[in-house]
Amino acid sequence: MSNLTKKEGVISMGVVVVEQEKNGVTWIRINREKIRNAINLDVMDELNDALHIAEKDESRIVVLTGAGDQAFCSGGDLSVFQSLKTSEEAYKMLMKMGAVLEKILFFPKVTVAALNGTAVGGGCELSVACDFRVAAPHVKMGFVQGKLGITTGWGGGTILLQRISQAHAMEMMLSAKIYPANSLINLGIIQEIISGPFQEGVLNWLKPYLNQNAGVLQAYKARLLDSFDQLTIQNNIKREIEECSLLWATDEHHEAVNRFLTRSK
Ligand SMILES: CCCC(=O)SCCNC(=O)CCNC(=O)[C@H](O)C(C)(C)COP(=O)(O)OP(=O)(O)OC[C@H]1O[C@@H](n2cnc3c(N)ncnc32)[C@H](O)[C@@H]1OP(=O)(O)O
């Protein structure tokens, strides 16, 4: 944990900030607003460290969010990951973030993705690793990986199929469409649209859960985890990562990334 600075209840690691509130909520915030909270290798490492802190602290609920109000997370940092050309190079990176998503999926405390802004690509994958998703009204979500000639590659496809109906999950991934908040409610991927000041609204939405003691919350979370076939999920995530790595190495993918990075605004 390098670059760690601490003030009361706030741990700033560099690109991830952990805010431990006295009300039982720990916020984990990706802090790269300018680049729409895109995920590079440092974010992966720091998310890991932040999850470790949140697992051990007094919190009852852990909320994952992004800095600013434009994006929750724009997925992998294409400016960095464009340098990964081969399947082997991609596989290493995808496995690293896949391990973070698995940690969130099997986390012993209740987890919430608070979508302060848009989530696309790997940002959607990250959000579905959490038990719940709530969103500001302007939020859009899209599993846009198909437009880049790849698939979900951090395990998010496997996890999405656990969270919502197969038909809705397949529709979202196959179409690579970006959906507005009201459609996301209909698809069952977000539970609530939060109007007004966002952090306050999320805490209000959490109130019924925060009224329960830690034992009750963790026991119900354990029942959710018991309902998962963990080994199958882990195997499927590995297969998803392997298949995505193969697509990653294609010219179609590299050309699509290049088009995004060199686009004129
Ligand atoms: C590796 C696992 C699978 C993946 O995640 S593949 C990556 C999928 N993600 C994408 O294709 C997202 C691409 N980004 C977008 O579509 C849009 O930026 C997005 C998120 C809708 C936000 O739109 P706007 O609010 O209009 O912002 P913008 O486009 O002007 O972006 C602001 C600055 O952020 C940069 N940015 C956004 N998403 C990024 C990313 N994923 N990797 C690297 N850089 C990214 C963007 O290039 C721009 O930079 P600059 O200000 O022009 O220097």
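Sequence order as written defines residue numbering, which begins from 1 separately in each chain. Reporting of local features is limited, given that this is a predicted model, to residues whose pLDDT is at least 70; pairs of side-chain atoms are given and counted only at 80 or more, and all residues count toward the totals for whole chains, interfaces and linings. Excluded from the side-chain calculation are hydrogens and water; included are all heavy atoms of the structure.

The chain is annotated in an unreviewed UniProt entry as Ethylmalonyl-CoA decarboxylase from Halalkalibacter alkalisediminis. UniProt positions are given in the numbering used here, feature names are shortened, and annotations may be inferred rather than shown by experiment. In UniProt, the chain has this text filed under Sequence similarities (unreviewed entry): "Belongs to the enoyl-CoA hydratase/isomerase family."

Caption draft 1: Seen up close, the overall build of the chain. Broken down by element type, the chain carries eleven helices and twelve strands. Expected size for 265 residues packed as a compact globule is a radius of gyration near 18 Å; at 17 Å, the chain falls within 12% of this value. Each principal axis of the C-alpha distribution contributes one length, and for the chain these read about 50 × 40 × 35 Å. Between two residues, a contact is recorded if the distance between any of their heavy atoms is within 4.5 Å. Residue pairs in contact within the chain that sit at least 24 positions apart in sequence constitute 72% of those at least 6 positions apart. For the area figures, the Shrake-Rupley method with a 1.4 Å probe applies, and any residue is considered shielded solely by the protein chains shown. Summed over all atoms, the accessible surface of the chain reaches about 12,300 Å², with 52% contributed by carbon and sulfur. In the chain, 27 positive and 29 negative side-chain charges are present, and the distance between their average locations comes to 4 Å. Secondary structure elements follow DSSP: runs of H or I no shorter than four residues count as helices, runs of E no shorter than two count as strands, and numbering proceeds from the N terminus. Computation of the radius of gyration draws on C-alpha atoms alone. For the globule rule, the value is 2.2 Å times the number of residues to the power 0.38. Lys and Arg are tallied as positive, Asp and Glu as negative. Neither His nor the chain termini are counted. In plain terms, the charge of a residue is placed at NZ if it is Lys, CZ if Arg, CG if Asp and CD if Glu.

Caption draft 2: Representation of the side chain of arginine 32 within the structure. For arginine 32, the position within the fold is in the loop between strand S4 (25-30) and helix H1 (41-56). In protein, a polar contact means a hydrogen-donor-capable atom and an acceptor-capable atom, both N or O and within 3.5 Å, with residues adjacent in sequence counting only if both atoms are side-chain atoms; elsewhere, any N or O pair within 3.5 Å suffices. Looking at arginine 32, its side chain comes within polar contact range of the main-chain oxygen of alanine 38, at 3.0 Å. Side chain to side chain, arginine 32 and aspartate 77 meet in a polar contact 3.0 Å long. Dropping the residues within four chain positions of it, arginine 32 is found in contact with Val15, Asn37, Ala38, Ile39, Asn40, Val43, Ala67 and Asp77.

Caption draft 3: Region of interest: H1. Given the number of residues in a helix, its expected span is that number minus one, multiplied by 1.5 Å. For H1, built from 16 residues, the straight-helix expectation of 22 Å at 1.5 Å per residue is met to within 8% by its first-to-last C-alpha distance of 23 Å. If you check the start of H1, you find a side-chain oxygen 3.2 Å away from the backbone N of aspartate 42, and it comes from asparagine 40.

Caption draft 4: Main features of the nonpolar core. In this description, a nonpolar core means a group of buried Ala, Val, Leu, Ile, Met, Phe, Trp, Tyr and Cys residues linked to one another through side-chain atoms lying within 4.5 Å. Exposure classes here rest on a 1.4 Å probe applied to the protein chains alone. A residue is buried below 20% of its type maximum, exposed above 50%, and partly exposed in between. Within the largest apolar cluster, 84 residues are counted, with the highest numbers of intra-cluster contacts made by Ile189 and Leu206. Ranked by residues supplied to this core, first place goes to helix H3 (residues 87-105) with eight residues. Those residues within four positions of isoleucine 189 in sequence are excluded, and the remaining contacts are Val128, Arg133, Met141, Phe143, Leu160, Ile164, Met172 and Leu184.

Caption draft 5: Summary view of the packing of aromatic side chains. Pairing of aromatic rings covers Phe, Tyr and the six-membered ring of Trp, with a centre-to-centre limit of 6.5 Å; geometry is then stacked below 30 degrees between planes, edge-to-face above 60, and tilted otherwise. Taken as a whole, this structure holds four aromatic pairs when the rule is applied. Here the aromatic rings of phenylalanine 132 and tryptophan 205 are separated by 5.5 Å at their centres, their planes lie at 80 degrees, and the arrangement is edge-to-face. Highlighted residues: phenylalanine 132 in strand S9 (residues 132-135) and tryptophan 205 in helix H8 (residues 198-210), separated in sequence by 73 residues. The class for phenylalanine 132 is partly exposed, based on a relative accessible area of 23%. Judged by centre distance (5.4 Å) and plane angle (70 degrees), the ring pair of tryptophan 205 and tyrosine 209 falls under edge-to-face. Here tryptophan 205 and its partner tyrosine 209 are both found in helix H8, four residues apart, which amounts to about one turn of the helix. Judged by its relative accessible area of 15%, tryptophan 205 is buried. The exposure class of tyrosine 209 is partly exposed, given its relative accessible area of 28%.

Caption draft 6: Structural context of the site of the ligand. By nearness alone, 19 residues border the ligand, and Gly76, Leu78, Gly122, Arg263 and Lys265 come closest of all. The separation between a nitrogen atom of the ligand and a polar main-chain atom of serine 74 is 2.9 Å. Alone, the ligand offers 970 Å² of accessible surface; in the complex the protein occludes 72% of this. We call Asp, Glu, Lys and Arg charged. Ala, Val, Leu, Ile, Met, Phe, Trp, Tyr, Cys and Pro are nonpolar, and the rest, Gly among them, are polar. Among the residues making up the shell around the ligand, the classes are represented as eight nonpolar, six polar and five charged. A cutoff of 4 Å decides nearness: a residue is near a molecule or strand if any of its heavy atoms lies inside that distance of it.

Caption draft 7: Structural view of the pattern of salt bridges. The term salt bridge refers to a side-chain nitrogen of Lys or Arg lying within 4 Å of a carboxyl oxygen of Asp or Glu. Enumeration over the complete set of coordinates arrives at nine salt bridges. As a salt-bridge pair, lysine 22 and glutamate 8 come within 3.1 Å of each other at their nearest N and O atoms. Of the two residues, lysine 22 is situated in the loop between strand S3 (16-20) and S4 and glutamate 8 in the loop between strand S1 (5-7) and strand S2 (10-12); the sequence distance between them amounts to 14 residues. In this structure, lysine 22 and glutamate 8 share a single accessibility class: exposed. In this structure, lysine 238 and glutamate 242 form a salt bridge, with 3.1 Å as the shortest nitrogen-oxygen distance. Taken together, the positions of lysine 238 and glutamate 242, both in helix H10 (residues 230-248) and four residues apart, correspond to about one turn of that helix. Accessibility expressed as a relative area gives 33% for glutamate 242, which makes it partly exposed. Residues joined by salt bridges that share partners form a network here, namely Asp131, Arg163 and Lys221.

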